[in-house]
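The primary structure of each chain is shown beneath.
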Amino acid sequence: MPAAEMLKLEDVHTFYGPVEALKGLSIEVRQGEIVCMIGNNGAGKSTALMTISGVLKPRTGAIFFCGERITGLAPHTIARMGISQVPEGRRIFPKLTVRENLEMGLYAVPARRGGDSPNRSSGSDRCESRLEKVFALFPVLKDRQKQAGGTLSGGEQQMLAIGRALMSEPKLLLLDEPSLGLAPLVAHRIFKTIQEINREGVTVLLVEQNARAALRLSHKGYVLENGRVALEGPSGELLNDERIRKTYLGE
Amino acid sequence: MKPLIIGLWLSLLFLPFKGPEAALWFFLISSSTLCAWKEVAPRVRTVIPALEAGMRRLTDRAFFTETVSPSLPYAAIAAFSLLPFLVRDYFLDVAIMVGIYVILALGLNVVVGFAGLLNLGFVAFYALGAYAYALLNTSWGIGFWTALPFAVGLSTAAGFLLAVPALRLRGDYLAIVTLGFGEITRLVLNNFDSLTRGPNGISGIAPPSFFSIHLGTLTLFYYLVFLATLATIFVTARVRSSKIGRAWIAIREDEIAASTMGINTTLYKLYAFAFGAFWAGLAGAIFAAKMRFVSPESFTFLESVLILCMVILGGLGSIPGVVVGAFILVLLPEVLREVQIYRMLALGAGLVILMVFRPQGLFGGKRVSP
């Protein structure tokens, strides 16, 4: 039996002013999967993630999350429904400490589940247990808890950004180019961690320039060209597809 | 060579106003100063980091971090609570103005320093607080304490109402709209003769009383301002380290990241505007009670700029910094009263020098979040 559908984009058109960045994008992410979107610069990958998380509003089309229509909702509402985004370029809060950065993730915990205050003095048990989970994934963050986020290395900042997104215990994690600007070894570690996160039950939608790594990691892949899906299929098949090998894998 | 050219150019500008002899003197003085500065400047640049490192070594010592700096606020509170017994009335008068500006600057610091929203019309909320008390008191004889919640409530509500449309804008556009709001408020006060008595202002405002004690004397009024200032410092510091304060700082650092973290950015920005306006309203009511007279002249755009300067001078977002900034910018014109017409010039030069050597403000180098 196929897993339940978690996220669905139907013919989504997003504009930057007069420029149409998404020209009818339709994708589907099922629960428990890692789905990747690959494509060239300007294909609309990041725009797609920004549209899902509500930062950009689609002009037409619909987005469904767990069966609910989330098109046009405010980003904070979407975050509270269980979609957590790790934005491109990490966008951590450089002047806050590592710990404070992680606590920021708690704003997305809905109040009715007894939302934790990120205030240290009221740092509840739940906040601590979530911090411990993140530290278990990224031990280096535990050592640097009190350091300002901006002083971390690129790889550590990426870990921090992922850790921050996990603090709200999301159902769906959106990752925008997690390997960007990282040394191959560090990028490899990040990809390993993404797999680990997924095994613990978090569905992942990954955007990557590094097509080979993304396809090896994921269950299903979408190739974006000019704001729409050019090719889709199980990642293993895409890895062996002649056209993809030529255009995106450089063979 | 360069100092000579600059000197010549400046003295040529000077020539039409003061005649050739003064221009020559000006040329000699300015070019020799610039020459000397050219020699000294590189050394100053090396001395400043060394001084900072020395300060840090000193302030990092256990004795300093554990004994001196926690007790510093208490020492300041003790010193200021004894002030009326130590100084002449003139200084007490200045101290009251310092207190009012500390409240104002801390209020603006919430908007500009914490949430990162440039508000150039902050004086409007100050004016609303002042006029609210002035009108309630002179028209209906309502006392200070009864009128205070209304004055503060009015300016808070105004902050909220301005924020609703203004927060659709960002950066420069927001600054322009707030500037416009400040000017509109002043012009309304200036022209709404039947209510505000226009440019003549409202006089005969009663000073506050506490039970049956009249707080008309300078000493008692000083304590009132002192307590209000302490309350402002305490409350803004507490709010900054709360969930709301952390959200403000996140919005200032990266609004998009903050919104994807689940922070309702519009709502928190509204809070920042209203919370900042709240303190401006308090300062306004106190100001009206102190002066016992209000007129639109006290609430010009320059006043907004002055308050903003206090925040920037001390270091955006830093509460001790903003307090020190307000102290300096109220005290400096008083100290410079001797040189009368040049004092604004000196003040401006001082600000420029500070921005060259310490662009982050006096206290801005430290971490902003608690």
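Residues numbered from 1 in each chain as written. Chains lettered and ligands numbered in written order. Predicted model: local features only at pLDDT ≥ 70, side-chain atom pairs only at ≥ 80, totals over all residues. Heavy atoms only, no water.

1. Observations concerning the interface of chain A and chain B
Part 1 of the argument: Each partner contributes residues to the interface: chain A has 26 residues there, and chain B has 24 residues.
Part 2 of the argument: Counting the contacts that link chain A with chain B gives two salt bridges.
Part 3 of the argument: Here Arg246 of chain B makes a salt bridge to Glu103 of chain A, at a shortest N to O gap of 3.1 Å.
Part 4 of the argument: The interface formed by chain A and chain B includes eight residue pairs in polar contact (both at pLDDT 80 or more). (Contact = heavy atoms within 4.5 Å. Salt bridge = Lys/Arg side-chain N within 4 Å of Asp/Glu carboxyl O. Polar contact = N/O pair within 3.5 Å; in protein donor to acceptor, adjacent residues only side chain to side chain.)

2. Things to note about the pattern of salt bridges
Part 1 of the argument: Applying the stated criterion across every chain, the model contains 14 salt bridges over all chains.
Part 2 of the argument: Here Arg186 of chain B ties to Glu183 of chain B by a salt bridge, and the two come within 2.9 Å at their closest N and O atoms. Of this pair, Arg186 of chain B and Glu183 of chain B both sit in helix α6 (residues 171-191), three residues apart, roughly one helical turn.
Part 3 of the argument: Residue Glu183 of chain B is classed as partly exposed on the basis of its relative accessible area of 24%.
Part 4 of the argument: As a salt-bridge pair, Glu255 of chain B and Lys269 of chain B come within 3.1 Å of each other at their nearest N and O atoms. Linking Glu255 of chain B in helix α10 (residues 255-260) with Lys269 of chain B in helix α11 (residues 265-291), this pair joins segments that are 14 residues apart in sequence.
Part 5 of the argument: Among the charged side chains, a network of salt bridges with common partners joins Arg99, Glu103 and Glu128 of chain A together with Arg246 of chain B. (Helix = DSSP H or I, 4+ residues; strand = E, 2+ residues; numbered from the N terminus. Buried < 20%, exposed > 50% of the residue type's maximum accessible area, 1.4 Å probe, protein only.)

3. A few points about the nonpolar core
Part 1 of the argument: Counting residues in each nonpolar core, the largest one holds 103 residues, and the members touching the most others are Ile100, Leu104, Tyr126, Trp248, Ile263 and Ile286 of chain B.
Part 2 of the argument: Sort the elements by how many residues they give to this core and helix α3 (residues 89-114) of chain B lands first, with 18 residues.
Part 3 of the argument: Aside from chain neighbours lying at most four places away, what touches Leu104 of chain B is Phe122, Tyr126, Ala280, Ala283 and Ile307 of chain B.
Part 4 of the argument: Counting residues in hydrophobic clusters, the runner-up holds 47 residues, among them Val86, Leu102, Leu131 and Leu175 of chain A. (Core = buried A, V, L, I, M, F, W, Y, C linked by side-chain atoms within 4.5 Å.)

4. Some details on the sheet that holds strand β4 (residues 60-65) of chain A
Residues and elements named next belong to chain A.
Part 1 of the argument: With respect to topology, four strands assemble into an open sheet ordered β2-β1-β4-β5, the strand pairing being antiparallel. The outermost strands of the open sheet, each flanked by one partner alone, are β2 (19-30) and β5 (68-69).
Part 2 of the argument: Judged from the nine bridges that link them, strand β1 (residues 5-16) and β2 form a sheet pairing that is antiparallel. Bridge pairing in β2 links Leu7 to Val29.
Part 3 of the argument: Contacts between helix α1 (residues 45-52) and the sheet are confined to β1, β2 and β4, with β1 contributing the most and set at about 115° to the helix. (Pairing = 2+ DSSP bridges. Axes fitted to C-alpha atoms, helices over the stretch in contact; angles between N-to-C directions.)

5. With respect to the sheet that holds strand β10 (residues 228-234) of chain A
Residue and element names in this part refer to chain A.
Part 1 of the argument: Strand order in this open sheet of six strands is β6-β7-β8-β3-β9-β10, and the pairing throughout is mixed. At either margin of the open sheet sits one strand with a lone partner, and together these are β6 (83-86) and β10. On average, adjacent strands in this sheet sit at an angle of 15° to one another, irrespective of strand direction.
Part 2 of the argument: Here β6 runs beside strand β7 (residues 172-176); their pairing, made up of four bridges, is parallel. Looking across to β7, one finds that Val86 is bridged to Leu175.
Part 3 of the argument: Across the face of the sheet, helix α6 (residues 154-166) comes into contact with β6 and β7 while running at roughly 170° to β6.
Part 4 of the argument: Lying over the sheet, helix α7 (residues 184-199) contacts β3 (34-39), β7 and β8 (203-208), oriented at roughly 155° with respect to β8.

6. Some thoughts on the packing of aromatic side chains
Residues and elements named next belong to chain B.
Part 1 of the argument: Scanning the model with the defined rule gives 18 aromatic pairs over all chains in all.
Part 2 of the argument: When the ring of Phe114 is compared with that of Trp248, the centres are 6.3 Å apart and the planes differ by 25°; the resulting orientation is stacked. With a gap of 134 residues between them, Phe114 in helix α3 and Trp248 in helix α9 (residues 243-253) connect regions that are remote in the sequence.
Part 3 of the argument: By relative accessible area, Trp248 is classed as buried at 1%.
Part 4 of the argument: With a centroid separation of 5.9 Å and an interplanar angle of 75°, the aromatic rings of Phe287 and Phe299 are classed as edge-to-face. Of this pair, Phe287 sits in helix α11 while Phe299 is found in the loop between β4 (293-294) and α12 (301-314), placing the two residues twelve residues apart along the sequence. For the residue pair Phe287 and Phe299, the accessibility class agrees, reading buried in each case.
Part 5 of the argument: Three or more aromatic residues joined by ring pairs form one cluster here, namely Phe114, Trp248, Phe275, Phe278 and Trp279. (Phe/Tyr/Trp six-rings, centres within 6.5 Å; stacked < 30°, edge-to-face > 60°.)

7. Brief notes about the pairing of β3 of chain A
Residue and element names in this part refer to chain A.
Part 1 of the argument: With respect to burial, β3 is a largely interior element, six of its six residues being buried.
Part 2 of the argument: Of the two faces of β3, both are covered, the one formed by Ile34, Cys36 and Ile38 as well as the one formed by Val35, Met37 and Gly39.
Part 3 of the argument: Alignment of β3 against β8, held across five bridges, turns out to be parallel. Across the sheet, the residue bridging to Met37 is Val207, located in β8.
Part 4 of the argument: Here β3 pairs with strand β9 (residues 220-225) via five bridges, running parallel.

8. Section: α6 of chain B
Side chains of residues three or four places apart in an α-helix project in the same direction, reflecting 3.6 residues per turn.
Residues and elements named next belong to chain B.
Part 1 of the argument: Relative to the 30 Å expected for 21 residues at 1.5 Å per residue, α6 spans 31 Å between its end C-alpha atoms, a close match to the ideal helical length.
Part 2 of the argument: Buried within α6 we find Leu174, Ala175, Thr178, Phe181, Gly182, Thr185, Arg186 and Leu189. Taken end-on, α6 shows its buried residues confined to a sector of 125°, consistent with a single buried face. Opposite the buried face of α6, by more than 90 degrees, sit the exposed residues Asp172, Tyr173, Ile176, Ile184 and Asn191.
Part 3 of the argument: Against α4 (123-140), α5 (144-166), α7 (193-196) and α11 lie the buried residues of α6. (Expected span 1.5 Å × (residues − 1). Arc of directions from axis to C-beta.)

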